[in-house]
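# Analysis of the macromolecular model
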Amino acid sequence: MAIPAMVALIGNSQAYLNVRAAVLQHFWQVRTVALDQGEVPEFGPELVVICASIPGTEQQGWVDRARLEQPAVLIVRVDNFISGPLAGADASVEDDHGPGALVSTIYELLTERGLESREWPEIPEGGWVQ
């Protein structure tokens, strides 16, 4: 099995980032960057998520910085805009649409590039615990 793509979550509040990472790590390798903790992103992952915990006025600066430092990186901006490409980002996802919208958008972008995601886990013998 191929190695799943690396997804970086950039935002404020480590707790906010951890909740999102807990979902995304089922499908991809995930790195969090808590800007309010003084962490600095390294633009090496295949996809960067600019989280809604960053004020909208600052989000565009992070999109521009990611694009400048790694022109081929896929960028998803999570905010309150309608989904689709937006000002240098490859897609935007409304924060209120929950984790399914983010997972779906990331999966679609990575699949278009031929990048790997983790498979669904095997059903345990005897079925799922209820």
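What comes next concerns the included structure. (Residues numbered from 1 in each chain as written. Predicted model: local features only at pLDDT ≥ 70, side-chain atom pairs only at ≥ 80, totals over all residues. Heavy atoms only, no water.)

## Re the pattern of salt bridges
Here is the rule we go by: By definition here, a salt bridge exists when the distance from a side-chain nitrogen of Lys or Arg to a carboxyl oxygen of Asp or Glu is within 4 Å. The helix count covers DSSP runs of H or I at least four residues long, the strand count covers runs of E at least two residues long, and both are numbered beginning at the N terminus. The classification of residues rests on relative accessible area computed with a 1.4 Å probe and restricted to protein chains. Under 20% of the type maximum is buried, over 50% is exposed, and intermediate values are partly exposed.
For the coordinates displayed, the defined rule picks out four salt bridges. With a closest N to O distance of 3.0 Å, R65 and E69 form a salt bridge. Of this pair, R65 and E69 both sit in helix α2 (residues 56-69), four residues apart, which is roughly one turn of that helix. According to the relative accessible area criterion, E69 is partly exposed, its value standing at 45%. In this structure, R67 and D90 form a salt bridge, with 3.1 Å as the shortest nitrogen-oxygen distance. Placement of the pair is R67 in helix α2 and D90 in strand β6 (residues 89-94), with a sequence separation of 23 residues. According to the relative accessible area criterion, R67 is partly exposed, its value standing at 24%. D90 sits in the partly exposed class, given a relative accessible area of 26%.

## Notes on the pairing of strand β2 (residues 29-34)
Remark: a regular strand shows side chains that alternate across the two faces of the sheet. Just so we agree on the cut-off: At least two DSSP bridges between two strands are required for those strands to pair. By definition, the crossover connecting two strands over a helix is right-handed if that path, from the first strand to the second, turns clockwise as seen with the strands pointing away from the viewer.
Looking at chain direction, strand β1 (residues 6-11) and β2 are connected through six bridges and run parallel. Across the sheet, V7 pairs through a bridge with V30, a residue of β2. After leaving β1, the chain enters helix α1 (residues 14-24) and then returns to the sheet as β2, a path that is right-handed.

## Some details on the environment of F27
By secondary structure assignment, the location of F27 is in the loop between α1 and β2. Residue F27 is classed as buried on the basis of its relative accessible area, which comes to 17%. Placed 90 residues apart in sequence, F27 and S117 show a C-alpha to C-alpha distance of 5.3 Å.

## Quick look at the side chain of D79
The criterion, for reference: Identification of polar contacts relies on pairs of N or O atoms within 3.5 Å, with a donor-acceptor requirement for protein atoms, meaning one able to donate a hydrogen and the other able to accept it, and with residues adjacent in sequence counted only if both atoms are side-chain atoms.
Mapped onto the fold, D79 is located in strand β4 (residues 74-79). Overall, the relative accessible area of 6% leaves D79 in the buried class. Within the local environment of D79, its side chain forms a polar contact with the side chain of R77, the two groups lying 2.9 Å apart.

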